[in-house]
Amino acid sequence: QVQLVESGGGLVQPGGSLRLSCAASGIIFSINALGWYRQAPGKQRELVASIGSVGRPNYADSVKGRFTISRDNAKNTVYLQMNSLKPEDTAVYYCVRLTSPIYWGQGTQVTVSS
């Protein structure tokens with residue numbers, strides 16, 4: 001019943017920007033904490049950003065100052081604006097419901113390369 005569907009990934013040059021979207025269904029979106037994880041081959045899964053029900057954001061040190069998480073409760077959508085992208089940002093990015101029980105989206109690929 002619960003679905004989290006990511007979109008917006010792609011190929012971008014270093015220094016470029018992408019905006020990821022996550023459309024949620026099957027949950028009362030406004031009262032759920034949500035976040036973005038990323039997984040790169042050979043690297044540990046990392047929570048890069050999260051946002052609470054009131055919209056308070058948190059960021060991993062690796063992306064702080066470059067990424068912005070936001071939510072639009074009317075659209076049941078959470079966003080991740082990624083600026084000043086670096087090759088090390090290359091990963092599959094997952095939208096995750098952080099309020100138990102945990103749900104994961106299918107992921108969207110972000111590749112940063114020249």
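The structure reproduced in this document is the subject of the present report.

How each quantity is defined
- Residues numbered from 1 in each chain as written.
- Predicted model: local features only at pLDDT ≥ 70, side-chain atom pairs only at ≥ 80, totals over all residues.
- Heavy atoms only, no water.
- Pairing = 2+ DSSP bridges.
- Helix = DSSP H or I, 4+ residues; strand = E, 2+ residues; numbered from the N terminus.
- Axes fitted to C-alpha atoms, helices over the stretch in contact; angles between N-to-C directions.
- Buried < 20%, exposed > 50% of the residue type's maximum accessible area, 1.4 Å probe, protein only.
- Contact = heavy atoms within 4.5 Å.

Strand order across the open sheet formed by four strands is S1-S3-S8-S7, with antiparallel pairing between neighbours. The two strands at the open ends of the sheet, each matched to only one other strand, are strand S1 (3-7) and strand S7 (67-72). In this sheet, neighbouring strand axes are inclined to one another by 15 degrees on average, regardless of whether the strands run parallel or antiparallel. Alignment of strand S3 (residues 18-25) against strand S8 (residues 77-82), held across six bridges, turns out to be antiparallel. Residue Arg19 lies in a different strand from S8, and its bridge partner there is Gln81.

With that out of the way, let us pick up the environment of Gln3. Mapped onto the fold, Gln3 is located in strand S1. In this structure Gln3 comes out as partly exposed when scored by relative accessible area, which is 48%. Between the C-alpha atoms of Gln3 and Arg71, which are 68 residues apart in sequence, the distance is 16 Å. Beyond its immediate chain neighbours, meaning those up to four positions away, Gln3 contacts Ala23, Ala24 and Ser25.

So, about the side chain of Ser50. Note on placement: Ser50 falls in strand S5 (residues 46-51). Taking relative accessible area as the criterion, Ser50 reaches 14% and is therefore assigned buried. Among all residues touching Ser50, those that are not within four sequence positions of it are Leu34, Gly35, Arg56, Pro57, Asn58, Ile69 and Leu98.

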